[in-house]
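Fold and geometry: a report
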Amino acid sequence: LWMPFGIVISLLAAAFILRLLGRLQSPRYRLIDALHNRDLTINYQPVVELKSGRVIGAEALVRWPQPDGTWLSPDVFIPMAEQTGTINQLSAYVIERVFEEMSDWLRQHPDKHIAINLAAQDLSSTVLLERLTRLCAGASVATRQIVIEMTERSVVDPDITGPILTRYRQAGFRVSIDDFGTGYSSLSYLQELEVDILKIDKSFVMALERKQVTSHIIEIARTLKLEMVAEGVESPQQEAWLCRHGVQYGQGWHYSKALSAQAFMRWAEENLASREDETLLAPPHA
Ligand code: C2E
Ligand code: MG
Ligand code: MG
Ligand code: MG
């Protein structure tokens, strides 16, 4: 009788160890581990004023470096973090890193901003709002220098998200709707939601055959008196077209890919110095 019992116990122990190892391998556990080890890095993509080419700020984009030297795209691990309930932890981490890396720069450039992407779950409470407010106060950064980006998809329940967005705006933060045109927002609730900026999704900027649709999106933003940022600007032709249609700001590989904090600050200094030269060289009242 004891022999089979011993076997069962060893089998159970083996199963337990295998499960534990499996858990350590699971993406959720690996992400939590990466957050604890501060493995995730933030890259900054410059946002420029289209007509002058002057940098007005940057968007913070999170990266997950892998042991083999590559990095995972947030398009892969953000949805996973949202499904497994790790997104709040991730967002808190991103915000903290942004302040560590960029608060000096923001203080030195009070007219510039950093845009941070938040997820739907981040906007179901005011926890992050309080954290951001504290970080701004602690670093002497004006709240208007922080833009929060949320996708249309995140506004699942405008009755909940709406009041929280209002709180963000009352605190001085600016709010941007990301990937605009790819979600399902009805025009009526766009009008109800208090936002400052519409970001035109790169799919509209890239696909020339959708120019009709893109002009309509621009028209909507203009009607609602919102600022516009075009994402995914890759060519001078796209830049010219957007400018002609009244889009003020843009970001994309035509200007720069997302850069490390250090590289971004160097890029911005060069950008500002070269624009200064241009204005100095320009004839007066031209
Ligand atoms: P997004 O907010 O729409 O960010 C723009 C994406 O377009 C970025 O991809 C950027 O690298 C890419 N991009 C920029 N310029 C160009 C261009 O000229 N051409 C092309 N083809 N692509 C361009 P990325 O960094 O892979 O981020 C993907 C998405 O992941 C972001 O889309 C955003 O929704 C999400 N994400 C990134 N960081 C965070 C974060 O910290 N928190 C949350 N919740 N989401 C994040
Ligand atoms: Mg974004
Ligand atoms: Mg976007
Ligand atoms: Mg996008």
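Above this text you will find the structure in question.
Quick caveat: nothing in here was measured; it's all calculated off a predicted structure.

Some words on the coordination of the magnesium ion (ligand 3)
Coordination sphere of the magnesium ion (ligand 3), protein contribution only: Asp 178 (OD), Asp 179 (OD) and Glu 231 (OE), at 1.9 to 2.4 Å. All donors of the magnesium ion (ligand 3) come from a single chain, and their spacing in sequence reads D-D-x51-E. Distance-wise, the magnesium ion (ligand 2) is placed 3.7 Å from the magnesium ion (ligand 3), both being coordinated by Asp 178. Its relative accessible area of 23% is what places Asp 179 among the partly exposed residues.

Some remarks on the site of ligand 1
Not every one of the 24 residues close to ligand 1 is listed here, only the nearest: Arg 63, Asp 178, Lys 202, Glu 234 and Trp 253. At a separation of 3.0 Å, an oxygen atom of ligand 1 approaches a polar side-chain atom of Glu 59. Between ligand 1 and Arg 63, the relevant distance is 2.8 Å, taken from an oxygen atom to a side-chain nitrogen or oxygen of the residue. Within the complex, the protein chains bury 88% of what would otherwise be the 800 Å² of accessible surface of ligand 1. Of all the secondary structure elements, the ones that give two or more residues to the shell around ligand 1 are β2 (55-65), α3 (74-84), β6 (174-180) and α8 (202-206). Counted by class, the shell around ligand 1 contains ten nonpolar, five polar and nine charged residues.

Observations regarding the coordination of the magnesium ion (ligand 4)
Every protein donor of the magnesium ion (ligand 4) is listed here as Asp 179 (OD) and Glu 231 (OE), and their distances to the metal cover 2.2 Å. A separation of 3.1 Å is found between the magnesium ion (ligand 4) and the magnesium ion (ligand 3), which are bridged by Asp 179. Linking Asp 179 in strand β6 with Glu 231 in the loop between β8 (227-230) and α10 (236-244), this pair joins segments that are 52 residues apart in sequence. The exposure class of Glu 231 is buried, given its relative accessible area of 8%.

Points about the side chain of Asp 178
Along the chain, Asp 178 turns up in strand β6. Buried Asp 178, no salt bridge; nearest opposite-charge side chain is Lys 199, N-O distance 4.7 Å. Apart from the residues within four sequence positions on either side, Asp 178 is in contact with Glu 59, Asn 117, Glu 149, Met 150, Thr 151, Glu 152, Lys 199 and Glu 231.

Notes on the packing of helix α4 (residues 87-108) against helix α5 (residues 127-139)
Where α4 contacts α5, the two axes come as close as 10 Å, and the packing angle between them is 25°. Classified by the angle between their axes, α4 and α5 sit roughly parallel to one another. Helix-helix and strand crossings are classified by hand; for α4 and α5 the assignment is right-handed. Contact with α4, carried on its side by Ser 91, Ala 92, Ile 95, Glu 96, Phe 99, Ser 103 and Arg 107, involves Leu 128, Arg 131, Leu 132, Leu 135, Cys 136 and Ala 139 of α5 and no other residues of that element. Taken together, the residues that form the contact of α4 with α5 break down as eight nonpolar, two polar and three charged.

Parameters at a glance
Residues numbered from 1 in each chain as written. Chains lettered and ligands numbered in written order. Predicted model: local features only at pLDDT ≥ 70, side-chain atom pairs only at ≥ 80, totals over all residues. Heavy atoms only, no water. Donors = N, O, S within 2.8 Å, 3.2 Å for Na, K, Ca; no water. Buried < 20%, exposed > 50% of the residue type's maximum accessible area, 1.4 Å probe, protein only. Near = heavy atom within 4 Å. Polar contact = N/O pair within 3.5 Å; in protein donor to acceptor, adjacent residues only side chain to side chain. Areas by Shrake-Rupley, 256 points an atom, 1.4 Å probe, with all protein chains shown as cover. Helix = DSSP H or I, 4+ residues; strand = E, 2+ residues; numbered from the N terminus. Nonpolar A, V, L, I, M, F, W, Y, C, P; charged D, E, K, R; others polar. Lys, Arg positive; Asp, Glu negative; His and termini not counted. Salt bridge = Lys/Arg side-chain N within 4 Å of Asp/Glu carboxyl O. Contact = heavy atoms within 4.5 Å. Axes fitted to C-alpha atoms, helices over the stretch in contact; angles between N-to-C directions. Parallel < 35°, antiparallel > 145°, perpendicular 65-115°, else oblique. Left-handed = near helix turned anticlockwise from the far one by under 90°.

Limitation: the analysis is restricted to geometry and does not speak to function.
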